[in-house]
Amino acid sequence: MSNREEIALLAHLMRRAGFGATRDELEAMAEQGYEATVEHLLDYENQPPVDEYTLYRYHPITEVPGGAAAPGQANWLYFMVNTQRPLNEKMALFWHHVFATGNAKVDNCNHLLEQIQMFRDVGMDNYRELLVRLASNPAMIYWLDNNENHKIAPNENWGRELLELFSLGVGNYTEQDVYECSRAFTGWTISAKMPRYPYGRHPWQFEYRAEDHDETDKSFLGYTGNFNGEDIIDIILKQPACPNFIVRHLYNFFVEDEPQVPAWNIEQPRNPDAIRVLAQTFVENDYDIKPVLRVLFNSDFFKDAMYKKVKNPTEVVVSTLRLTGDLQGPDPRLEAVAREPGYMGQDILDPPSVEGWHTGHEWINSGSLVKRVNFVADRISDTNLPGVQRIVERIAGANGATMTPEEFVENCLDQMGPLPVSDQTRGELLSQAQSEGTVDWEGSYDDSARRTGEMLALIGATREYQFG
Amino acid sequence: MLTTTVSGRTWNFSHAIGRNAAAGNGFTQPTDVAVAPGGVLYVLNRGQEGAGGVQAPNKRIGKVTITEEFIGDFAREELVWPMSIAVDSAGNLYCTDEYDKKIKVYDADGINAGEWNGDGNLGSPSGIACDADDNIYVTDADSNEVKKFSSDGKFLASFGGAGSAPGKFNRPWGITIGADGSVYVADWGNNRAQKFSADGEHIATYGEETSGPAGALNHPSDIAVDSEGDVYVSDWGNKLVKIYENDGPVLTQLEGDAIEFSKWAKEVVESNPDVVKAYRRVKDTRSLGLFNRPVGIAVDEDDNIIITDSTRGRLQVYAKEKDYMDPQFNL
């Protein structure tokens, strides 16, 4: 593998398992090698966590943001932009896609942040533990009405979504299973918390009320007994559909766009062999998540999936900020920029429904595309930003004092990915470069830097750049 | 507990002031408090960033009395990252703006009286205090120094520097000047507070104990000293206020005791029957009184200790009682 191919592969890994990387970072990773980089990402505990003290000193409102989504979104954006544990943060985003919980109903962004922190804490550990934590998570309990799920009047919302969206998928259980599952989770509720007036938001606590739990037998997926919630989760984990469903989510998020989730019971996975390998790994490791991620990122099907996924809006925003060095650390623009993924169709902490977002090509429409392109172009063309200055330096030092338009386009594409583009795209970029002739770094560095910023912005506007 | 007694000293919780509100008689992330003559308190509301990124209207300086009378507020849409405030002998108010790298000045009526950048010596102005001669001391979180200016912004002197040795700082925040001119600094990033002579000679360190009644400080944000020399530190990271003897040993800590609503808070609760009902369903309301990010701290001439309880949008006031007598213990 050539150095360029290795850089391209590592760039692919970091786009998917993180939020991209600068070329300097990629070159440091190349010295370690691909597999070592995967291990580095998996062993996130060896890297320091985000410095929350600095965030809360300069953005105190983001610690307990309350009803408005924006300060909470700012909190998470700060984590994503500044984290040295990119896969850990990306997995939090993954679980937010799967266990989609929204502030539109919860109206307590602080509780959603608490859920995201739970994803950071256990989202790469064990799926059983994660489900138990999810079932007792106050934001989830309120979101899916389990506080309304009583012994004398079961509410099926949590029980249904646990089976349909969080573990098995449609077609792998009956309506009776939903009912029995819900009965097993009666009594899993939240204690009354102090109201938001007059001193702001107070924490919500999980509470198990034994007197409200249905102690009679339940018949669930072929098993009968006086089941409680954890027994139900254990039975779910015995179903072959469970590992298949979760690893298909992983495949969809990290490898290649699948059909939308509601179609999964009628449309086969794009790569059944990959699903089989990942599911087998999941079960063999007692539902530990890291081994599955290790197999996934080291697989040929992952390495062959370069640019086969449409970047989600959060990836567009965070990877652009990290690449250009914009919004590093506290910044008065933090809340405003945190709204950008929402303008592109992904209001983090506020998904449209428990089904989460429709992904892949559905991220792209005439409005969201303009927002994506403008966000990237505004930053990647700003030659005052440290990350852009570094890109310009690299291009300027690539091959001599002057550069033909062809060399210039090639170098810019290289720094933006390396990004493969169609002949038509290349031709259009070249046409623009040719309009100003040879790039003269020695004679006119500043003007060449300007041209570079404009070329990078054009590349950011291409069809190809929408894929990650 | 409402009364804390230790080593011959007693602090009584007095009352809370304000409520969490974006306007009117409430506060939004109150970050600092400064005492002015006549029982007047200025409260710096950090607020949140506006939709355009800067200068949201809920960033403001509130003017209230210690008896919870709302006088008004000012400086709306004039502050980006306000961190601390101080009042000079003439009643002028000085506010650091860490983003603008300026000190913004207001007169006793809250009228904007200009701003200065200290001859370009303000990299990241954070804490601020006035001495008896109306010199202005500012902590610079960028250069990790204490800087001294005239009241109109002329640079006079500095001391400190980056590091963790005595006399050095790591992103210092709050500062106060004692009656004898001593300089007290909350050394935020070093998890300690320090005392200096007026010309910067290191005298004492607070909060480095890792055991004992209060343990170590965690990112302290502000510091104040009472008429008897006891030192109060906002232990921001631990959500406590710690009290030290002037030469360093810890005395005790306050956890926050505002279990009764302030006057303004009570008006809001009582006007909303659903909130009243919601409170009645809560099993344990003790946490209602606890500090949630105490940031700024000040002591008035009567040795009332006033703390901005930032996340809760209120002030908590303690009174140091000089002639305290223990109650009969077998009551």
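Model, not experiment: these values are computed from the prediction.

*Asks:* Account for the overall build of chain A, naming residues and giving values.
*Replies:* Along chain A, the regular secondary structure elements total 25 helices and six strands. Since a compact globule built from 468 residues should have a radius of gyration of about 23 Å, the 24 Å found for chain A is in line with a globular shape. The principal-axis extent of the C-alpha atoms belonging to chain A is close to 85 × 55 × 40 Å. Counting only carbon and sulfur atoms, one obtains 47% of the accessible surface of chain A, whose full area is about 17,200 Å².

*Asks:* Kindly report on the nonpolar core, identifying the contributing residues and their values.
*Replies:* In this structure, Trp95, Phe99, Tyr127, Phe254 and Phe297 of chain A are the most contacted members of the largest nonpolar core, which totals 160 residues. With nine residues, the single largest contributor to this core is helix H14 (residues 241-254) of chain A. Other than its neighbours up to four places away in sequence, Phe99 of chain A contacts Gln115, Phe119, Tyr127, Leu130, Leu131, Leu134, Met140 and Phe166 of chain A. Listed in part, the 25 residues of the second largest apolar core include Leu254, Ala258, Val269 and Ile307 of chain B.

*Asks:* Provide a residue-level description of the interface of chain A and chain B, including the pertinent values.
*Replies:* In this complex, chain A contributes 29 residues to the contact, which on the side of chain B involves 49 residues. Summed over both sides, the interface between chain A and chain B buries roughly 3,200 Å², with carbon and sulfur atoms accounting for 60% of that surface. Interface area lost by chain A to chain B is led by Arg57, Tyr199 and Pro332 of chain A, which between them contribute 28%. For the pair chain A and chain B, the interface holds two salt bridges. Across the pair Glu63 of chain A and Arg293 of chain B runs a salt bridge whose closest N-O atoms are separated by 2.7 Å. Along the contact surface separating chain A from chain B lie 17 residue pairs in polar contact (both at pLDDT 80 or more). For the side of chain A that touches chain B, the elements supplying multiple residues, two or more each, are helix H4 (52-58) and helix H19 (334-338) of chain A. Ranked by residues supplied to the side of chain A that touches chain B, first place goes to H4 of chain A with five residues. Residues belonging to the side of chain A that touches chain B are distributed by class as follows: 16 nonpolar, four polar and nine charged.

*Asks:* Please give an account of the pairing of strand S19 (residues 222-225) of chain B that cites residues and values.
*Replies:* Residue and element names in this part refer to chain B. Here S19 shows two buried faces, one formed by Asp222 and Ala224 and the other by Ile223 and Val225. Inspection of the sheet shows S19 paired to strand S20 (residues 231-235) by four bridges, in the antiparallel sense. Residue pairing in the sheet places Asp222 in a bridge with Ser234 of S20.

*Asks:* Lay out the sheet that holds strand S6 (residues 70-74) of chain B in plain terms, naming residues and giving numbers.
*Replies:* Residues and elements named next belong to chain B. Taken in spatial order, the four strands make up an open sheet running S3-S4-S5-S6, and their pairing is antiparallel. Of all strands in the sheet, those with a lone pairing partner are strand S3 (30-36) and S6, marking the two edges. Mean inter-strand twist for the sheet, computed between neighbouring axes without regard to direction, equals 20°. Across four bridges, the pairing between strand S5 (residues 60-65) and S6 is antiparallel. Within the sheet, the bridge partner assigned to Val64 lies in S6 and is Phe70.

*Asks:* Can you explain the sheet that holds S20 of chain B? Please cite residues and give values.
*Replies:* Residues and elements named next belong to chain B. Taken together, the four strands give an open sheet; going across it, the order is S19-S20-S21-S22, and neighbouring strands pair in antiparallel fashion. With one partner strand each, in any of the chains shown, S19 and strand S22 (250-254) form the two edges of the open sheet. With strand direction ignored, the average angle separating the axes of adjacent strands in the sheet is 20°.

*Asks:* Give me the lowdown on the packing of aromatic side chains, citing residues and values where you can.
*Replies:* Residues and elements named next belong to chain A. One pass over the full model with this rule turns up 41 aromatic pairs over all chains. Seen in terms of ring centroids, Phe99 and Phe119 are 6.0 Å apart; in terms of plane orientation they differ by 45°. Their pairing is tilted. Pair noted here: Phe99 is in the loop between helix H6 (86-98) and helix H7 (103-106) and Phe119 is in helix H8 (residues 109-122), with a separation of 20 residues, a long-range link. For the pair Phe99 and Phe119, a shared accessibility class is recorded, and that class is buried. On the basis of an interplanar angle of 50° and a centroid distance of 5.9 Å, the ring pair of Trp158 and Phe166 is categorised as tilted.

*Asks:* So, the pattern of salt bridges: which residues are in play, and what are the values?
*Replies:* Evaluation of the coordinates by the stated rule reveals 50 salt bridges over all chains. Between Asp230 of chain B and Arg9 of chain B there is a salt bridge, and its shortest N-O distance comes to 2.7 Å. Note that Asp230 of chain B is positioned in the loop between S19 and S20 and Arg9 of chain B in strand S2 (residues 9-17), a separation of 221 residues in sequence. Its relative accessible area of 2% is what places Asp230 of chain B among the buried residues. Here Asp140 of chain B ties to Lys147 of chain B by a salt bridge, and the two come within 2.7 Å at their closest N and O atoms. Judged by relative accessible area, which is 7%, Lys147 of chain B ranks as buried. Salt bridges sharing common partners tie together Asp24, Glu27, Arg390, Glu393 and Arg394 of chain A.

*Asks:* Describe the domain arrangement of chain A, and please don't skip the residues or the numbers.
*Replies:* Residues and elements named next belong to chain A. As far as domains go, chain A holds domain 1 (3-42), domain 2 (46-303) and domain 3 (386-466). The straight-line distance from the C-alpha centre of domain 1 to that of domain 2 is 29 Å. With 16 residues of domain 1 at the interface, the matching set in domain 2 holds 17 residues. Between domain 1 and domain 2, the buried area comes to about 1,500 Å², and carbon and sulfur atoms account for 62% of it. Of all residues in domain 1, Arg16, Phe19 and Leu42 bury the most surface against domain 2, accounting for 45% of the area lost on that side. Counting every contact that joins domain 1 to domain 2 gives one salt bridge. Here Glu39 ties to Arg294 by a salt bridge, and the two come within 2.7 Å at their closest N and O atoms.

*Asks:* Run through the packing of helix H15 (residues 272-284) of chain A against helix H16 (residues 289-298) of chain A, naming residues and quoting values.
*Replies:* Residues and elements named next belong to chain A. For the pair H15 and H16, interaxial distance at closest approach is 8 Å and the crossing angle is 150°. Classified by the angle their axes make, H15 and H16 are roughly antiparallel. Pair H15 / H16 crosses with right-handed handedness. Packed against H15, whose contacting residues are Val277, Leu278, Thr281 and Phe282, the element H16 presents Ile289, Pro291, Val292, Val295 and Leu296 at the interface. Its residues assigned to classes, the contact of H15 with H16 comprises eight nonpolar, one polar and no charged.

Criteria and thresholds
Residues numbered from 1 in each chain as written. Chains lettered and ligands numbered in written order. Predicted model: local features only at pLDDT ≥ 70, side-chain atom pairs only at ≥ 80, totals over all residues. Heavy atoms only, no water. Helix = DSSP H or I, 4+ residues; strand = E, 2+ residues; numbered from the N terminus. Rg over C-alpha atoms; globule rule 2.2 N^0.38 Å. Areas by Shrake-Rupley, 256 points an atom, 1.4 Å probe, with all protein chains shown as cover. Core = buried A, V, L, I, M, F, W, Y, C linked by side-chain atoms within 4.5 Å. Buried < 20%, exposed > 50% of the residue type's maximum accessible area, 1.4 Å probe, protein only. Contact = heavy atoms within 4.5 Å. Buried area = accessible area lost by both parts, 1.4 Å probe. Salt bridge = Lys/Arg side-chain N within 4 Å of Asp/Glu carboxyl O. Polar contact = N/O pair within 3.5 Å; in protein donor to acceptor, adjacent residues only side chain to side chain. Nonpolar A, V, L, I, M, F, W, Y, C, P; charged D, E, K, R; others polar. Pairing = 2+ DSSP bridges. Axes fitted to C-alpha atoms, helices over the stretch in contact; angles between N-to-C directions. Phe/Tyr/Trp six-rings, centres within 6.5 Å; stacked < 30°, edge-to-face > 60°. Domains from an automatic or database assignment. Parallel < 35°, antiparallel > 145°, perpendicular 65-115°, else oblique. Left-handed = near helix turned anticlockwise from the far one by under 90°.

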